[in-house]
Amino acid sequence: DMPPDFTISDMVNIEESSYPPRYMDFDDLDDTYYTVEHSSSANVLRDLLSDERKQQPSAASLSIMHIVSMMTATANTTMTSLIDTTDQMADAIKQYLSTMTLLYQGLLIFLATWIAREFLFVFRPMITQLRDEEEGTKLLLMMIPKEVRATVPGIQEYLETGALQNATQMHKNLQESEKLLSNILPSNITQRLKAGERPIADFHKSVTILFTDFVGFTAMSSKMSARYIVTFLNEIFSCFDDICNELQLEKIKTIGDSYFLVGGLNFEMSDHALRVVEGGIHFYDALTLHNLRHSQFSIQMRMGINTGSAVAGVIGERKVAYDLWGDAVNIASRMESTGLAGSIQVSPNTHELVKQYFTFEERVVEAKGKGAMQAYILLKRTREGYASPYTKLKCMKEQLQTLCVVDTSKSVKSKSRQDDAESMVSSISGWR
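From a predicted model like this one, the values you see are computed outputs, not experimental measurements.

Colleague: For this particular structure, what's the right way to read helix α9 (residues 226-247)?
Modeller: Because each turn of an α-helix spans 3.6 residues, side chains separated by three or four positions end up pointing in the same direction. With 22 residues, α9 should cover 32 Å at 1.5 Å per step; its first-to-last C-alpha distance of 32 Å lies within 8% of that length. Of the positions making up α9, those classed as buried are Y228, F232, L233, I236, F237, C239, F240, I243, C244 and L247. At the exit of α9 stands Q248, carrying a positive phi of roughly 60 degrees.

Structure representation (structure tokens):
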């Protein structure tokens, strides 16, 4: 209800009017009082009154409509700025969401690529290895003689169907089968076959090979029954097996009454020559005890040893064999065949590696296919040399403690002859 000619001066001078000092009362605002000095309108009015900030006639003469128009323009400018700011914020949010979307897409692509790579380079080889191991397991089971497999129905079931009705029992059977195979093949070779490795062939730069042969056994066996021959050889060769196991040597095979072993297939074994020579000495100890058990069939033995390079590998698919090839094997065989009964004959290569431990006698032998060859007969341990760590074996101590004298009609445990056995063992060629 202000008059049209109401000016700013009238509005500013309102505090001198009849209203309460410095306050304006608006009935439509629920009797709330507003101070002019602290209101935004007052600030706008004061700006308008400043002649320095506005290049126009004195603001005191401006009409109310003019003031409202200017305040509306100011409000519009403020709102436009606010809208522009809001649009910028919306654009920034859109840009952020777009960037995050690209980031997530990149992450998903990375994860998909990683999973694919892991499958190609990790999981697929694992699956292939498992499949090869399954095939290797079947191959190992096929190596077991058919009559032995027949006693374990689960083995045949696994070979035919690849599945098991009783997996727990079959697992036990497989463990027993692997244990049996470990007596046929070296344990590391069994694992490599199981893993599907084909073929298995290893070159060994330095190994030591030993051959034994019983003198006159062929003629002696004509006086034995078939059962007694097998029992006789099984006893002595089982003792040889125990010696090899304790010295970490590898039995290759038996050929009739001949025993064939090698040391050094384990690439970390550097003293294989000493171990094999010590094994040969313990073989003679075992033979002495064996002759005490079978006094009616006392036998003698020759032994030859050589050190050199050789190739080892697995031959066959059904009845596989782990064998050794090379000139070093032939020389070891010649050392045995040209040796003396009751002695250990070694080649120059082996002599060079163990001469600090033993005293030898040098000789020249005529070897088949080789001509004249230099050889050494082991005489005794040298007192001035190095002490061997393999002079006493647990398995030989057990043999002495359980010495039995076996007769064709009875088996008698004899402690009274143990002293005789120890005396005989200690006096073999002066080696003790």
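Colleague: Explanation requested: the confidence of the model for the chain in the structure shown.
Modeller: Low pLDDT marks stretches whose predicted atomic positions should not be read closely. When the pLDDT values of the chain are averaged, the result is 75; 58% of them are 70 or greater. When pLDDT is averaged over each element of the chain, strand β8 (residues 344-346) comes out on top at 97 and strand β2 (residues 33-35) at the bottom at 41. For residues 14-39, every residue scores under 50 in pLDDT, and the model assigns this stretch 23 contacts once sequence neighbours within four places are set aside. Within the model, the stretch residues 51-57 combines pLDDT values under 50 with seven contacts to residues more than four positions away or in other chains.

Colleague: Sorry if this is basic, but what is going on with helix α10 (residues 272-293) here?
Modeller: Between its terminal C-alpha atoms α10 stretches 31 Å, which fits the 32 Å expected from 22 residues at 1.5 Å a residue. Along α10, 22 of the 22 residues are buried, which leaves the element largely enclosed by surrounding structure.

Colleague: Sorry if this is basic, but what is going on with unusual backbone geometry here?
Modeller: One can expect most non-glycine residues to show negative phi and most peptide bonds to be in trans. The amide bond that connects R198 to the next residue, P199, takes the cis arrangement and shows omega of -15 degrees. Looking at the secondary structure, you find P199 in the loop between α7 (187-194) and β3 (201-215). If you check the backbone angles, Q248 has positive phi at about 60 degrees while not being a glycine. For Q248, a relative accessible area of 51% puts it in the exposed group.

Colleague: Would you explain the packing of α9 against α10 in this entry?
Modeller: Angle between the axes and distance between the axes: these two values describe a pair of packed helices. The interhelical angle for the contact between α9 and α10, taken along N-to-C directions, is 150 degrees, at an axis separation of 10 Å. Relative to α10, the element α9 is oriented roughly antiparallel. Helix-helix and strand crossings are classified by hand; for α9 and α10 the assignment is right-handed. Contact residues: α9 offers F232, E235, I236, C239, F240, I243, C244 and L247, while α10 offers R275, E278, G279, H282, F283, A286, L287, H290 and R293. Here the residues of the contact of α9 with α10 sort into 10 nonpolar, three polar and four charged.

What counts and what doesn't
- Residues numbered from 1 in each chain as written.
- Predicted model: local features only at pLDDT ≥ 70, side-chain atom pairs only at ≥ 80, totals over all residues.
- Heavy atoms only, no water.
- Helix = DSSP H or I, 4+ residues; strand = E, 2+ residues; numbered from the N terminus.
- Expected span 1.5 Å × (residues − 1).
- Buried < 20%, exposed > 50% of the residue type's maximum accessible area, 1.4 Å probe, protein only.
- pLDDT = per-residue confidence, 0-100.
- Contact = heavy atoms within 4.5 Å.
- Axes fitted to C-alpha atoms, helices over the stretch in contact; angles between N-to-C directions.
- Parallel < 35°, antiparallel > 145°, perpendicular 65-115°, else oblique.
- Left-handed = near helix turned anticlockwise from the far one by under 90°.
- Nonpolar A, V, L, I, M, F, W, Y, C, P; charged D, E, K, R; others polar.

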